[in-house]
Amino acid sequence: MKRSSISLLSRLTRRKLETLSSLLSRSYISDSVVASSSLLAINNYLEPCTKANALVLKPNKFQSIKHRNIDTLVENQPQITSRQRKIKEKSDLEEAFESAETTEEMLEAFKQMETAFDERELGLAALKVGLKLDKEGDDPEKTLVFASRALQILDNNDSKPSLLVAMALELMGSANYGLKRFNDSLGYLNRAKRILSRLEEDENGNVEDIRPVVHAVMLELANVKTAMGRREEALENLRKCLEIKEMTLEKDSKELGVAYRDMAEAYAGVLNFKEALPFGLKALEIHRSGLGNNSVEVANDRRLLGVIYSGLEEHDKALEQNELSRKVLRNWGLSSHLLRAEIDAANIKIALGKYDEAINTLKGVVQQTEKDAETRALVFISMAKALCNQEKFPDAKRCLEIACGILDKNQKVSPVEVADAYSEIAMQYESMNEFDTAVTLLKRTLLLLEKVPQEQHSEGSVSARIGWLLLLTGKVNQAIPFLENAAERLKESFGPKHFGVAYIYNNLGAAYLELDRPQSAAQMFALAKDIMDVALGPHHVDSIEACQNLSKAYSVMGSYALAVEFQQRVVDAWEGHGPSAQDELTEAHRVLEQLKAKAHCFHKPSPYRGTSDTS
C-alpha cells in the first residue's frame, strides 16, 4: 500500500469558503466604527462578475475622477459644494473598487482609494484585497501586507469580540503559513479561534455568519499543524470542519459525501483505518444514493475503501471494492486513475498470496505507462514485491533497479512521492537481507523528506527504520542518533504517548544496553512499557517484551529485586495467553528462577558480617 495514495493531511486544499465574502456587509458596521458606511457595501467580492453588470477599470478612469472640474458643468446647474464633491469622488472610487473583476483592477482601485480615504477608513477594503490575494495564493508576502494593514485598522483593542478581526487574523495566519512561518501562523489562528468561541457563546450573535469563518480557521489550523508535524491535532481540527458541514449541508448532498471521504482519507493517512472506515462508508452511501453506482465519486469512494480494507487486512473486501472502482473508471475512460487502481489491485493480490495474478496484472499496466513516468516505477516496485515473495531475488532486484532509475529523474518534480517509493524499495531490500542497500536508500529518502515540513512524521518513521537496521547490523553508535531523532519527530507528530514512540524507546534501550549503559537502557525500557501498557494493553506481546527488557536492564545493573519483580509480571502476562504461549511461558519461568537465585546470592549474609577489623 502506498501512503501517497491516501495522504490527505500532507496535501490539504488551500481553500476558503466562498461565503466569507458575504460577511463584508452593512450588517457589520458595528464591527468597525471607523469604516465608511458605503465601504461596508462590498458584498460577494470573490464571486465572478459578468461584464454586463461590472465596471471594467480603465487606466484613465481615476484621472477623470481626480481632475473633474466643476467649471465645465452646464450653466445653471446647481453649484456642488466641496463636501458634496468629495463624497461623490469617494462614491465613484468605491464603485470602481466594488466592480473590479481582476486582482490587478482591485489593486489599482485600492491605490486610488488611498488618495481620498483616511487610513482608518480602509480596513475593510484592505481585508478584501488580502482575501483575494490569498485565494489566488501566488504572493503570500503581498497578502501579508494587506492582512497586517487590515488587522491594524480593524483591531481597535475593544473588549468586544469582532468577526472582522477574526477574519483578519485568519488571513494573517494563512499568509504566514504560505511563508512557512508556522509558529507565527499558529499564534494568529489561535487568537482568531478564541474570538470566534466568544462570538459563538454570545446569545445575540448570528451563528450562521460565524460558522464559515470558524470553518476557515479550523481548516487553516489543520494545514499549519500538519506542516508542524502535529498530525493528530490536525485531525481534531478537520473533525470540527466536518461537524460544521454536517450542520450546514443537506444530509444527502454530494459536498457532504466528499467531506466524509476527506475525513476517511485523513485517518487512513495516519494509518488509523478503524476510524477511517465508517467515514468512507458514509461517503459511499451518500454518493450511491444521489449519483448512482456508475459515478466517478462512487469510484473514488470505493478505491479509498479498498485501501482502508487492506490496512485492516480484510483483503477480500479490499479487492471487491477495488474491482468495482476499476469498472467505473474504465467506463469513464479515466486512464490515469485506472492505472493507479490496477496497481492497488495487484498489491491486494500480493497480500492474498496470488503472486502470478498480480504479476500478470502489472505486466498489462506497464505497457500503458510512459518510459520515465512515476507510475511506471510503482509498477516495477509492486512487481518486485511479488517476485520477492516467490524468492526470485535476481529478477526482483532488476525491477527495483529500473524503478530507482526512473525515480531519480523525478525527485524535483514530486519529492514526497519519490521519497515514499524509495522507502518501499528499501523495504524490499530488507526482505532480501540487503541491509546496507536498504540503509542507503532510506538515507536518500530522509534527505528528500527533511526539505518538506509537512512530512515530519514520515521523516521520523524513516529515521527509526535506519536506526533499527543499523542496530540490527551491529552499528550501534551510528544507530543512536537516528533513533533519538526519530523519537523527537514522532513525539511532535503523534504525541509522547503514541505506541510508535514506544517502539523507538525500546530500540534505544537495546542500543544503550549494548553499549553497557544499563541505567539509560532501563529508562528507555520503562518509557516504552508505560506507553505500551496504555496503548496496547499489558498483555500485548510487545508490552511483555518491553517488560522483559526492563527486567534484563535491572539485572545488568545488579538491581535483582526489581529484575525479579518485572520478570514475575512477564510470567503472569504469558500465563494469560493460555496454551498458545506455552514455550514463552516456560522460558519466562526459567529466567525468573535464575534471577531469584542471583537475588538470593546477592542478599546472602557474609560470614564476616558482625566481626570487627579492630580489637
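What counts and how
- Residues numbered from 1 in each chain as written.
- Predicted model: local features only at pLDDT ≥ 70, side-chain atom pairs only at ≥ 80, totals over all residues.
- Heavy atoms only, no water.
- Phe/Tyr/Trp six-rings, centres within 6.5 Å; stacked < 30°, edge-to-face > 60°.
- Lys NZ or Arg CZ within 6 Å of the ring centre and 35° of its normal.
- UniProt positions renumbered as here; feature names shortened; annotations may be inferred.
- Helix = DSSP H or I, 4+ residues; strand = E, 2+ residues; numbered from the N terminus.
- Core = buried A, V, L, I, M, F, W, Y, C linked by side-chain atoms within 4.5 Å.
- Buried < 20%, exposed > 50% of the residue type's maximum accessible area, 1.4 Å probe, protein only.
- Contact = heavy atoms within 4.5 Å.
- Expected span 1.5 Å × (residues − 1).
- pLDDT = per-residue confidence, 0-100.

Per an unreviewed UniProt entry, the recorded name for the protein chain is Kinesin light chain, and the organism is Erythroxylum novogranatense.

Caption draft 1: Broad picture of the packing of aromatic side chains. For the coordinates displayed, the defined rule picks out six aromatic pairs. Here the aromatic residues Tyr260, Tyr267 and Phe279 are joined through ring pairs into a cluster of three or more. One residue, arginine 444, lies across the ring of tyrosine 422, its end atom 5.1 Å from the ring centre.

Caption draft 2: Spatial organisation of the UniProt feature "coiled-coil region" (unreviewed entry) in the protein chain. Residues annotated by UniProt as "coiled-coil region" (unreviewed entry) correspond here to residues 83-113. In residues 83-113, helix accounts for 90% and strand for 0%; the two terminal C-alpha atoms are 17 Å from one another.

Caption draft 3: View of the nonpolar core. Counting 174 residues, the largest nonpolar core has Leu127, Leu196, Ile308 and Ile425 as its most contacted members. Looking at this core, the element that brings in the most residues is helix α6 (residues 163-178), giving eleven residues. The contacts of isoleucine 308, once residues within four sequence positions are left out, are Ala264, Ala268, Phe273, Ala276 and Leu277. Of all hydrophobic cores here, the second largest spans five residues; its members include Ala299, Val328, Leu329 and Leu338.

Caption draft 4: Inspection of helix α4 (residues 123-136) at higher detail. With 14 residues, α4 extends 20 Å from end C-alpha to end C-alpha; this agrees with the ideal 20 Å at 1.5 Å per step. Of all 14 residues that make up α4, twelve are buried, and the element is covered over most of its length. The set of residues buried in α4 consists of Gly123, Leu124, Ala125, Ala126, Leu127, Lys128, Val129, Gly130, Leu131, Lys132, Leu133 and Asp134. Immediately beyond the C-terminal end of α4, within one or two residues, lies glycine 137, with a positive phi of roughly 70 degrees.

Caption draft 5: Geometry of unusual backbone geometry. Unusually for a residue other than glycine, leucine 271 sits at a positive phi of about 65 degrees. Within the secondary structure layout, leucine 271 lies in the loop between α10 (254-269) and α11 (273-291). With a relative accessible area of 51%, leucine 271 lands in the exposed category. The phi dihedral of glutamate 313 is positive, around 60 degrees, even though this residue is not glycine. For glutamate 313, the location among the structural elements is in the loop between α12 (296-311) and α13 (315-332). Given a relative accessible area of 65%, glutamate 313 falls into the exposed group.

Caption draft 6: Structural context of the confidence of the model for the protein chain. Confidence in the prediction for the protein chain averages 83 pLDDT; 84% of positions are at 70 or higher. Confidence drops under a pLDDT of 50 for residues 1-74, and excluding neighbours within four residues, the segment shows 164 contacts in the predicted structure. In this model, residues 605-615 is a region of pLDDT below 50 whose contacts with residues beyond four sequence positions or in other chains number zero contacts.

Caption draft 7: Broad picture of the side chain of glutamate 297. Positionally, glutamate 297 belongs in helix α12. Judged by its relative accessible area of 15%, glutamate 297 is buried. In this structure, glutamate 297 is in contact with Lys254, Val258, Arg261, His287 and Leu291, ignoring residues within four places of it in sequence.

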